[in-house]
Each structure stands twice: as structure tokens, then as C-alpha cells.
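Residue strings, one per chain:
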Amino acid sequence: MTTTARSEPVVGLPPAARPAWTFDRPLQWAIALLTALLVLAPLGPIVYQSFLDQPLFEAEKQLTLGNYTRVLSSPEFWSIFATTLVFAVASTALAVLLGTAFAVILTRTDVPTAGVLSAVVLFPFYVSPLVLAFAWAIVYGPAGYVTLFVRTLTGVTPWNLYSLTGIALVGAVYYLPYPFLYATGSLALTDPQLEDAGRIAGAGPLRTLWSITVPLLRPAIAYGALLTVVSAVELLSVPLVLGSPVGIQVLSTYLYKLGLVGGGIDYGGIAAISVLMLLVITALVWLQVRLVGAGASLCDGWRQGDPGAAARARPLAVAAGAAGVGVRDRVRAAPAGRDHRPVGDCLPEPIGEPAHGAHE
């Protein structure tokens, strides 16, 4: 009897070494230096100004921490910061909810004119937020066409667009394409047979949506939410048009007020607030980059039999949990030589759910 030896894939071989010098290396360095120059050239003076007691162009300026002390001890700043946080979170939550719902409906159902509806959802991408804010004010503002029509029929004003809720709603509409595109791309890469298997097993549409579709979308939801909240923190047009007339300020409109409205310009305060905003946005962007890179690298490690992939997943799960991304704690290190893992081992799952072994 002839015995055929089973060949096992070799795990852990280093990739092919890249040549130390290639013809495109000077071009890469030139692009990197140009990018750094474009970013750091305006950023450096702002950071420097935040530590000066007088404008940057004054000859008798001195280094000081007074700008940060004055800003961080100001009740007005913390009130505006809280308003900014509420606006960003509300806009993000509504945009993610609507964008994900539209993505599921337009990609997982046979709704008529799905292509036209997708184009309508993406329409805010091609419109300036300033134009969008004025359009909403003209149609749904206190003297808007729809508002006057409803008021004529009912005798009451149905809504108040010039409020924090109205500003958050318009901001959510503007950022709706972000989570929609993330969720649509994720659903396009997901095998619909997973949901079909759930239906065959007896799960209803809602149970299939909640137990299979939503967990598959959690990474995409987290990425879209982080991008939306970062963009909402620095949004100026919508809060300026809808919030400034009634005294609602966020950090972006506050900077606009300090720099362009009124008599004297508070250069130090503007620079200090700008640096604080930059730190917050940088932290959020860093978290997004970490989460985006984590999904592919961890799954690749598990599938290729990397024994350290599960260990690297544990600290990442803590950070990912704060953004709503579940990393399976029950993923075990693959045996040596095993180059494939079941598809389920790379599916997202809420942190804190019991492992399969707890049910068996």
C-alpha cells in the first residue's frame, strides 16, 4: 500500500526582501517631504502662537502657558465644548443609523429603483454644506415653504430648525453618505449565504438582521462613525447658518467669532483652541486607522496560523469595544501548519458574549 505524504504549508516565512534602492524612491521621498511641508508649514506657527502672550508678528512676545490656562478655565469654553460634543455625537448616531439602514435595504432587498435611491443617498456628497444649510433653512426654517404650509393646516409650528436638534439633523443628512458607503462596501464583500443559512435554520428576517447582518457590519459602522464624528467636530457651515442666529455655538463657530467677528482678535486663544481641537481629532483619526488595519491583519494572522494573533487581539479588543467593534475573545491560536480557519472565526462579535464552549 502506497502512503502519500501530506504537505503542510510553511508558516512564518519572511516576505521577499525589497531592494534597498529603486528608481521611484526619490519620487516617494519628494512626495513625502512635500506633504509634510504642506501640513507642518501652517501647523507650526499655530502651535507656536498658542504659547505666546502676544501676536506672532509682535517683537516683544514672550513664551507663556497663559493661553491654555485662560481657555481651560473659561466656563464659556466648556459650555461650547459640551455643545460641540452633543452635536457631533447626535449627528454621528443619526447618520450611522440612517446610512446603515439604507445600505441594508438597498443591497439586501429587491426594493425597486435601488440605483436611483442610492444616488439620492449620495447626493449630499456633491453639495456644499453651506448650500445644504441654506436649502434647509429656506424649506424647513421658521419662514420656510414646508413650515408655513404645515402651520397653515395645523395652526402650530411643527418643528424648530434653529435648534441643536435641527442642526444635528442637517449635519446627519450631510454626513449620511459616509456610513452608507462603508456599510455598502462591507455588505458587498460579505457572502449572502451566511444570512441565507440563518433563514434556513429558522431565524426570521429581524433575527437574521440582528444576529448575522449587524455583527458583520460592526467594523464598518465603527469606521464610518469615527470618520463622521471627526468631520462633525470641525464642521462650520451648518452650525454657523442655523446656530449663530439663535446663539448656539460649537467650537468651529467659536473660533470664527474670535477671529473674524468683533473688534480685537484673540490670537493666543484661537491658537490654543485650535491645538486642543487638533489633539482630539488626531486621537480619533489614530483610533480609526488602528481599527481599519486591525480587521485585516488579525484575520490574516488567524487564517495563516499565527500563534500570536489571538494574543495581539486582546489589547485591541479593549480599544475596539469603546467604538462598538467586537473582537472574538474565543478565537484560539491556530495549530502550526494550518493555513485556513473557518469563516466564522473572523466574524465580529459583541465583547462579553459567551464562547461556544459555554453553551456546549
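Within each chain, residues carry numbers counting from 1 in the order of the written sequence. Local features in this predicted model are restricted to residues whose pLDDT is 70 or higher, and side-chain atom pairs enter the listing and the counts only when it is 80 or higher, whereas totals over whole chains, interfaces and linings include all residues. Side-chain calculation: all heavy atoms of the structure are included, whereas hydrogens and water are not.

Caption draft 1: Region of the structure containing the pattern of salt bridges. Salt bridge criterion: a side-chain nitrogen from Lys or Arg within 4 Å of a carboxyl oxygen from Asp or Glu. Under the criterion given, the structure shown has 2 salt bridges. A salt bridge links Arg 70 to Asp 266, with the nearest nitrogen and oxygen atoms 2.7 Å apart. On the criterion of sequence distance, the pair formed by Arg 70 in helix 2 (residues 66–72) and Asp 266 in the loop between helix 12 (251–260) and helix 13 (267–303) is long-range, its members being 196 residues apart. With a relative accessible area of 24%, Asp 266 lands in the partly exposed category. Working definition: helices are DSSP H or I runs of at least four residues, strands are E runs of at least two. Numbering for both runs from the N terminus. Burial classes: relative accessible area under 20% of the type maximum marks a residue as buried, over 50% as exposed, and values in between as partly exposed (1.4 Å probe, protein chains only).

Caption draft 2: Up close: helix 10 (residues 205–233). Multiplying 1.5 Å by the helix residue count minus one yields the expected span of that helix. Helix length check: helix 10, at 29 residues, gives a terminal C-alpha distance of 36 Å against a target of 42 Å (1.5 Å per residue), a shortfall beyond 12%. Note on bend: the value at a residue is the angle between axes fitted to the seven residues ending there and to the seven starting there. Maximum bend of helix 10: about 45°, positioned at Arg 218, with proline Pro 219 one to four residues after it.

Caption draft 3: The arrangement of the packing of aromatic side chains in detail. For Phe, Tyr and Trp, where Trp contributes only its six-membered ring, two rings pair if their centres lie within 6.5 Å, and the inter-plane angle classes them as stacked under 30 degrees, edge-to-face over 60, or tilted in between. Taken as a whole and judged by the stated rule, the model has 11 aromatic pairs. Taken together, a centroid distance of 5.2 Å and an interplanar angle of 45° make the contact between Phe 51 and Tyr 68 tilted. With Phe 51 in the loop between helix 1 (25–49) and helix 2 and Tyr 68 in helix 2, this residue pair connects regions lying 17 residues apart in the sequence. When the centroid spacing of 5.4 Å and the interplanar angle of 50° are considered together, the rings of Phe 125 and Tyr 178 count as tilted. Here Phe 125 is found in the loop between helix 4 (114–121) and helix 5 (129–140), whereas its partner Tyr 178 is found in helix 8 (residues 177–189), with 53 residues between them in sequence. Classification of Tyr 178 as buried rests on a relative accessible area of 19%.

Caption draft 4: Local environment of the packing of helix 5 against helix 7 (residues 164–175). Remark: helix 5 packs on helix 7, axes separated minimally by 11 Å, with the N-to-C direction vectors making an angle of 135°. When the interaxial angle is binned, helix 5 and helix 7 end up oblique. Regarding helix 5 and helix 7, the two cross each other, and that crossing is right-handed. Packed against helix 5, whose contacting residues are Pro 129, Leu 132, Ala 133 and Trp 136, the element helix 7 presents Leu 169, Val 170, Val 173 and Tyr 174 at the interface. Only Asp, Glu, Lys and Arg are considered charged in this grouping, and only Ala, Val, Leu, Ile, Met, Phe, Trp, Tyr, Cys and Pro are considered nonpolar; every other residue, Gly among them, is considered polar. For the contact of helix 5 with helix 7, the class distribution of residues is 8 nonpolar, no polar and no charged. Comment: axis = line fitted to C-alpha atoms, over the contacting stretch for helices; angle = value between 0 and 180 degrees taken between N-to-C directions. To sort the angles, those under 35 degrees are grouped as roughly parallel, those over 145 as roughly antiparallel, those from 65 to 115 as roughly perpendicular, and the leftovers as oblique. Crossing handedness: left-handed means the near helix sits turned counterclockwise from the far one by under a right angle, and right-handed means the same turn made clockwise. Residue contacts are counted whenever heavy atoms from the two residues lie within 4.5 Å of one another.

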